[in-house]
Structures are given as structure tokens and as C-alpha cells.
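# Descriptive structure summary
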Amino acid sequence: MAIDSQLSSPLGPPACEKDAKALQFIEDMTKSVDEVQRRVLEEILSQNADTEYLGKFQLDGATDRDTFKSKVPVVTYEDLQPQIQRIANGDRSPILSAHPISEFLTSSGTSAGERKLMPTIHEEMDRRQKLYSLLMPVMNLYVPGLDKGKGLYFLFVKAETKTPGGLVARPVLTSYYNSEQFKTRPYDPYNVYTSPNEAILCADSFQSMYAQMLCGLLMREEVLRVGAVFASGLLRAIRFLQLHWKQLAHDISTGTLNPKITDPSLRDCISSKIVKPNPELSEFITEECSAENWEGIITRIWPNTKYLDVIVTGAMAQYIPTLEYYGGGLPLACTMYASSECYFGLNLKPMSKPSEVSYTCMPNMCYYEFLPHDPNAPALSRDSPPRLVDLADVEAGKQYELIITTYAGLCRYRVGDILQVTDFYNSAPQFRFIRRKNVLLSIDSDKTDEAELQKAIENASVLLREFNTSVVEYTSYADAKSIPGHYVIYWELLVKDPENSPSHEVLNQCCLAMEESMNSVYRQGRVADNSIGPLEIRVVKNGTFEELMDYAISRGASINQYKAPRCVNFTPIMELLDSRVVSVHFSPAAPHWNPERRRC
């Protein structure tokens, strides 16, 4: 197909005319960031001028930034919870948004507390769909021929709940997959999935996973990319194959369908349109899956796969070694940055290494502001409001906390993400996701966050390499019952050579390596103050974190958005973990610490 040369993009030669238009849209948005942002804020403030929330701040119809920033405060979810609860309870007056709240999008949540309810409006679906439409045109710049095959994506929905006032509450991806935009999407040769809609939309996670895996196996030669939303989701699919390959191979051999697949529409779809007897394929799957060594299993079963499409930034970075093991070294592509509150941007270099992934925030999605982040600075008080920076004014190399104003009525809302500016595309800044702004562990005056814990585990994992062993999953808690209190870290290990597994002494040294990686406040507590006891690692049985996920799903978590909690304090979860412990290890010595010199 000939491409109009006038539609070509500086990003690269587009694969087709449709791609050329998408890439031109990216160019237009990123060249005029500040003007687009000015217009977005004006639209939001005009649209929601008569809402109860904005009415409190006496903007008097003003839509300019200066008035907005001087009168509207920066808020957290807890600040907005009373208004959100009224909407959830059935108040249909324009509280946050002039447009009716169409549903609530639930955050992925943690091991403690209730999931957050994020209000959304119908027009947001079109905005999210627009961002989705940009992903493949960018990917096509780097990986040719993706229109010649299919994507094996493990996508899931969760059964919906309703608020007391009758509004649907569901995860953002469940909302999208159930939307008409997804279900009636036009055919696009660059976006064909092996999984039929019936499999994706089946709320039973076992039936959905089984059907999607079966379809992926039946179409193995056509699969050009394999993915899930998060890295943990793809690894869960591999684990599912390990557990159920015999039944899958039987279905493929006989052309029948597992009787556990009882969803009528799903069963009819798979039985009548997809599964046919294929003894040769069944023998191949049996041979591959019965082998003890599963290294490179993805490329062995799906030999034409060009990359894995999963999020491996932030807390998901810990899965990279395991994905590389199962993926046979396939590139890991992180394509998109989004949250329940809003979709933000995309990765313009999706084939970059995970450690180099940066996302370009699209200025049409919401109005962005950024709070300069200094981890050593004192906490802000309400008496000294923060000075926020606009999207066009952030500086390369600096870290910021993301704050957004959305069309659905969130105003100057603290998302809780810490981002670092890495570069610019045209006038649009590009951000690396650093972490969630949450302290995970604290015994005394120490504060250990997710990034520090992740780094400590990475450093300790170096000691496991000579044993061909890696940490595939972990969580933690601050044990304040012991005196003094100490950190407890649960590890699930992948031991690739059982004859050469790490010894008890090596795992003790892993405890010390983690402590050496902790911040100086922690090490001072261990060495000088004796306010923190030796760090403890509890190794759990393989499959424990899958059980943890199943438990979370049974309590209402979304399989699609689930991420293993990095810190736990919910008694049933801790009891589950402790019941699966196979060995316990403690730091054999105190970490290195020297008192800092202080000026008089």
C-alpha cells in the first residue's frame, strides 16, 4: 500500500496510511505541549464550572492557570472521599463533574484497606481508546510484519460490583474490555488476538485462562507477540501451562473441550470455531512441557514470537530475570503508562531496555502538574502550599510527584507516582517511572520504600547467581512483635539446578547483603541504636505467591491489575505465607555504618 509522503513522520516511516495519521497526531501533540495543556485546562474548568466542588473556590468563571492554581488546593484521595462516597451512594447532582459519572474505576488496591473508587465519565472511554490507537503505529516502526500474524495476550475481566447508589465499580481494564469500543472494534491486521472476545470477557478466571491458553497453543505458528498487562500476569500464564498442559494436550489431540469450561458462549465459540483434532500438535506440546527444563519455553512453543509485551517498570522490574529465563532472551516491550485515575502516555521507543524505558505524557489526556520531589525534604504543610510545575516546564534529570486534573472531576489530585524526567520529544517531556510514593517498612525512625527494598533484593540476588537461582517473587512486613523489631522478607525462589541449590549459610549472607543495601537510618538503627533486629528471610514453597493471588482475587481483586503486595500486614495473608515457609534465615552480622559528620 502506497503511503502519502506528506503523512510521513519524524518518528520513522509508517507501516500504512492509518499509522501515518497516528504518528502525525503524536507530532502535533508533542510540538505544542503548553498550548494543548492550556486548552485542556480551559475545557475542564469551563465544563465543570458549575460543579459543587469547583464552586467552593470562587473561580467566578475563570479558566486561566494563575487563578486555578491560586484558588484550588492540591488534594489526596482521602480529601475527596466524602464527595466520592456521596456519588457512590446515589447523589446525582454535579458534585465533581458536570457530566454524569458513568461508573467508578477501582484501583488495584493493596493487602490492607479498601480499593479506591475513581469517578469517570463516558467521554473518557474515547480518550483512552485514542491512546490505545497510538501504540501499534509506534511499535510498527521497530518490529516489521506484525500484520502477518497474531498476538497472544492474556487479558481478563473481573465480575462487576455496584455501589449503594447503583453505579458499576470495576477495574479500568474490565471497563475497557466490556466497552463497545473494544467489543465492536474494527478489524485491524496489526491488532489481531488469538483469544476471542468470549474468552477475554469470561469472568471465571480459570475458564478464561484455559481458553486463552488453548487458543494460543492451537495458533502457535501465527503468534508474533506474547503479552499480558503486567509481567506477573504473563508468568502466571506460564505457571498455568505447567499445571494444566496434560489436559490442554488432550483437548488438542481429541478436538474436544475440557468439561470444566462451562460458560455457554465460551464453550460454543471454542468448540464450534477453534478446537479441531491435531494429534501432531498435541505430541509436540507433550514433549516440550514434560521436559524438566523450561528455559526458553515461550520461544520453543511460539517460535515466531518477536517480543514480550508486558509492563516491567517499577515494582514489576523484579520479574525481568524470570521473564528472560522463560522468554529465551526475547525483548521486553513496555508500551504504555496509565492508571485508574487517567491514561497518561506511551513509550516512543518500546524496544528499549527495561532500565531505559521512558513514557511520553500526551498533553491531551488531562492537565498535568508536577511537585518537585526531594526525598530528603521535610513534609509539606497545608500552611505552605507547594509550588507546582507545568508539563512544559519540568527539567531533565529531576524527580517529580505527578498531580493531575481530569475531565471527570479530579482537580489537582496527587496520583502518588514519582517520575524522573529523562529527555524530551519535541517539547513533550519523557518520564521514567521511579516508584509509588509510599513507605513500605518502618520499625523505628527508619523508612524503607519500594525502590530501596527492590534494590536490596537485587543486590542480595547476586549471591544466588553461582547457584543458578533467582528470586521470582517477594513481599515483606515489619515485625514489631519481636524486641527489637525487624524486617521479615518472604522469598519464592526459582532453583534451576536442584543439585546445586544455595546453602543455609549463603541465604544468611543474602540477609546481610540486603541490610548493607539499606539506607543509613536503617543501618544506624541496627548498629548504633539497637532499635532494629537482624533482617530475616523466609523462603516459601514454589507456588505460594500464586496462592496469594488466588486469595486476593477471591476477596475482589482484579486478576488483570493484580500485583503482589510489596508489604503485608493482613493476618490471613501472613498466616498463608508462614504456613508455606520451608527455611528461615537471619543476617549473621551487623551491616557497615559510620556516624555522619555534622557541622557544629
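In the nomenclature of an unreviewed UniProt entry, the protein chain corresponds to Indole-3-acetic acid-amido synthetase GH3.1 from the organism Juglans regia. Quoted verbatim from the Sequence similarities (unreviewed entry) field of UniProt, the annotation for the protein chain is "Belongs to the IAA-amido conjugating enzyme family."

### Focus on the pattern of salt bridges
In total, this model carries 29 salt bridges according to the counting rule given. Ionic pairing is found between Asp147 and Lys148, a salt bridge with its closest N-O pair at 3.2 Å. Through salt bridges with shared partners, a single network forms among Asp34, Arg65, Lys69, Glu369, Asp390 and Arg412.

### So, the packing of helix H10 (residues 205–218) against helix H11 (residues 231–254)
Packing of H10 against H11 brings their axes to within 9 Å, and their N-to-C directions diverge by 70 degrees. Classified by the angle between their axes, H10 and H11 sit roughly perpendicular to one another. Between H10 and H11 lies a crossing whose hand is right-handed. Residues Phe206, Met209, Tyr210, Met213, Leu214, Leu217 and Leu218 of H10 pack against Arg236, Ala237, Phe240, Leu241, His244, Gln247, Leu248, Asp251 and Ile252 of H11. Partitioned by chemical class, the residues of the contact of H10 with H11 number twelve nonpolar, two polar and two charged.

### So, the sheet that holds strand S20 (residues 486–495)
Read across the sheet, four strands follow the order S19-S20-S21-S22 without closing on themselves; strand pairing throughout is mixed. In this open sheet, the two strands that pair with only one neighbour each are strand S19 (469–479) and strand S22 (581–586). Adjacent strand axes in the sheet meet at a mean angle of 25 degrees, parallel and antiparallel pairs treated alike. Bridge count for strand S21 (residues 536–540) against S22 is five bridges, and the pairing is antiparallel.

### So, the packing of aromatic side chains
Tallied over the full model, the rule gives 21 aromatic pairs. Judged by centre distance (5.9 Å) and plane angle (35 degrees), the ring pair of Phe206 and Tyr210 falls under tilted. Of this pair, Phe206 and Tyr210 both sit in helix H10, four residues apart, which is roughly one turn of that helix. For Phe206, a relative accessible area of 23% translates into the label partly exposed. Residue classification places Tyr210 among the buried residues on the basis of a relative accessible area of 1%. Aromatic pair Tyr368 and Phe370: ring centres 6.3 Å apart, planes at 10 degrees, arrangement stacked. The exposure classification of Tyr368 matches that of Phe370, with both residues buried. A network of ring pairs unites the aromatic residues Tyr337, Phe344, Tyr359, Tyr368, Phe370, Tyr400, Phe431 and Phe433 as a single cluster. When the ring centre of Tyr407 is taken as origin, the NZ or CZ atom of Arg127, which lies over that ring, is 3.7 Å away. The cationic tip of Arg566 hangs over the ring face of Tyr474; the distance from NZ or CZ to the ring centre is 4.4 Å.

### Remarks on the domain arrangement of the protein chain
Assigned domains of the protein chain: these are domain 1 (17–122 + 339–371 + 387–436), domain 2 (147–305) and domain 3 (443–586). For domain 1 versus domain 3, the separation of C-alpha centres amounts to 34 Å. Of the residues lining the interface, seven residues belong to domain 1; the matching set on domain 3 comes to eleven residues. For the pair domain 1 and domain 3, the summed buried surface comes to about 720 Å²; carbon and sulfur atoms form 48% of the total.

Reading the values: rules and limits
Residues numbered from 1 in each chain as written. Predicted model: local features only at pLDDT ≥ 70, side-chain atom pairs only at ≥ 80, totals over all residues. Heavy atoms only, no water. UniProt positions renumbered as here; feature names shortened; annotations may be inferred. Salt bridge = Lys/Arg side-chain N within 4 Å of Asp/Glu carboxyl O. Axes fitted to C-alpha atoms, helices over the stretch in contact; angles between N-to-C directions. Helix = DSSP H or I, 4+ residues; strand = E, 2+ residues; numbered from the N terminus. Parallel < 35°, antiparallel > 145°, perpendicular 65-115°, else oblique. Left-handed = near helix turned anticlockwise from the far one by under 90°. Contact = heavy atoms within 4.5 Å. Nonpolar A, V, L, I, M, F, W, Y, C, P; charged D, E, K, R; others polar. Pairing = 2+ DSSP bridges. Phe/Tyr/Trp six-rings, centres within 6.5 Å; stacked < 30°, edge-to-face > 60°. Buried < 20%, exposed > 50% of the residue type's maximum accessible area, 1.4 Å probe, protein only. Lys NZ or Arg CZ within 6 Å of the ring centre and 35° of its normal. Domains from an automatic or database assignment. Buried area = accessible area lost by both parts, 1.4 Å probe.

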